[in-house]
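# Overview (structure and organization)
Here is what each chain is made of, one letter per residue.
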Amino acid sequence: MKPLIVYYSYSGITKKLAEDIALITDGDLRELRPQKPYSFSYNTAVKEARKEIEKGYCPPLIEGTEPIDNSGVIFIGSPNWLKTFAPPVLSFLRKVDLSGKTIIPFCTHGGGGFGRMIEDYKKECNNSIIKDGLALKGGYSFDELQNWLKRNL
């Protein structure tokens with residue numbers, strides 16, 4: 001079975017990491033696209049995301065919540081937003097049955113690493129196996145990623 005790489009990306013950095021993971025693992029990509037995109041203004045987008053995260057809001061998705069029957073290993077990626085994953089990822093986690101699946105989180109960040117994401121994944125995916133994930137700053141190298149994947153898969 002091919003791995004599935006599911007991701008939400010605001011600025012394209014997490015998308016690039018997801019594409020690189022798919023290239024190295026020969027996995028399938030699935031982008032999470034909210035019905036209402038976040039503002040193009042970063043500061044406004046942060047305010048929007050903060051409000052959603054504080055309320056535990058799950059924005060409706062127009063893409064990304066199809067069933068996952070053929071994948072046992074699922075990489076799930078997000079930028080680190082306020083020490084957790086972006087709200088579209090929460091929508092995915094609550095909508096798609098991940099029971100028995102192996103979840104490998106990944107995130108992009110500006111210095112905060114995973115924040116509390118791993119704990120949040122464990123809370124939301126309590127019937128899944130949550131592996132140690134990969135948190136990379138936006139300026140990661142392809143070799144760094146490839147080496148991590150070789151050591152951890």
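Notes on the structure follow. Because the structure is a prediction, the values reported are computed rather than measured. (Residues numbered from 1 in each chain as written. Predicted model: local features only at pLDDT ≥ 70, side-chain atom pairs only at ≥ 80, totals over all residues. Heavy atoms only, no water.)

### Here's the deal with the pattern of salt bridges
Where we set the bar: By definition, a salt bridge exists where a carboxyl oxygen of Asp or Glu is found within 4 Å of a side-chain nitrogen of Lys or Arg. Numbered from the N terminus, helices here are DSSP runs of H or I no shorter than four residues, and strands are runs of E no shorter than two. When accessible area is computed with a 1.4 Å probe and restricted to protein chains, residues below 20% of their type maximum are described as buried, those above 50% as exposed, and intermediate ones as partly exposed.
For the structure on display, the rule yields six salt bridges. Of the charged contacts in the structure, one is a salt bridge between Arg-94 and Glu-124, with a shortest N-O distance of 2.9 Å. Of the two residues, Arg-94 sits in helix H3 (residues 87–95) while Glu-124 sits in helix H4 (residues 117–124), which places them 30 residues apart along the sequence. Ionic pairing is found between Arg-116 and Asp-120, a salt bridge with its closest N-O pair at 3.2 Å. Of the residues examined, Arg-116 reaches a relative accessible area of 37% and is grouped as partly exposed.

### Examining the pairing of strand E5 (residues 73–79)
Where we set the bar: A pair of strands counts as paired when DSSP detects no fewer than two bridges linking them. We call a crossover right-handed when, viewed with the strands running away from us, the connection from the first strand over the helix to the second turns clockwise.
Counting buried residues in E5 gives six out of seven residues, a clear majority hidden from the surface. With four bridges connecting them, strand E1 (residues 4–7) and E5 associate as parallel partners. In the strand pairing of E5, Leu-4 is matched with Ile-74. For E5 and strand E6 (residues 102–109), the ladder comprises seven bridges, and the chain directions are parallel. Opposite Ile-74, over in E6, you have Ile-103 as the bridge partner. Handedness of the β-α-β unit built from E5, H3 and E6 comes out right-handed.

### Observations regarding the nonpolar core
Heads up, the condition is: Definition of nonpolar core: a set of buried residues of the types Ala, Val, Leu, Ile, Met, Phe, Trp, Tyr and Cys, connected through side-chain atoms within 4.5 Å. Here a residue-residue contact requires only that any non-hydrogen atoms of the pair lie within 4.5 Å.
In this structure, Ile-74, Ile-76, Val-89, Phe-92, Leu-93, Leu-98 and Tyr-121 are the most contacted members of the largest nonpolar core, which totals 29 residues. Elements represented by at least two residues in this core include exactly E1, helix H2 (42–55), E5, H3, E6 and H4. With four residues, the single largest contributor to this core is H3. Contacts of Tyr-121, omitting those with residues within four sequence positions, involve Ile-76, Phe-85, Val-89, Leu-93, Ile-103, Pro-105 and Ile-130. In this structure, Ile-5, Ala-18, Ile-104 and Leu-136 belong to the second largest nonpolar core, which totals 15 residues.

### As for the pairing of strand E2 (residues 28–31)
Where E1 and E2 come together, four bridges link them in parallel fashion. Counterpart to Val-6 in the pairing with E2 is Arg-30. Regarding topology, helix H1 (residues 13–25) serves as the crossover connection from E1 to the parallel E2, and that connection is right-handed.

### Observations concerning the layout of surface pockets
Formally: For each structure, a 1 Å grid was placed over the protein atoms alone; sets of points admitting a 1.4 Å probe that cannot get out are labelled cavities, open sets with protein on both sides within 12 Å along at least five of seven lines are labelled pockets, and lining residues have an atom within 4 Å of a point. Grid points are joined across faces, edges and corners, and a volume is the space filled by probe spheres set on the points.
In this structure, the largest pocket spans a volume of roughly 370 Å³. Taken together, 19 residues line the largest pocket, and the ones lying closest to its centre are Tyr-42, Pro-79, Asn-80, Trp-81 and Thr-108. When contributions to the lining of the largest pocket are tallied by element, the ones reaching two or more residues are H1, H2 and E6. What the second largest pocket holds in volume is close to 260 Å³. Taken together, 13 residues form the lining of the second largest pocket, with Tyr-8, Ser-9, Tyr-10, Pro-37 and Tyr-38 sitting closest to its centre.

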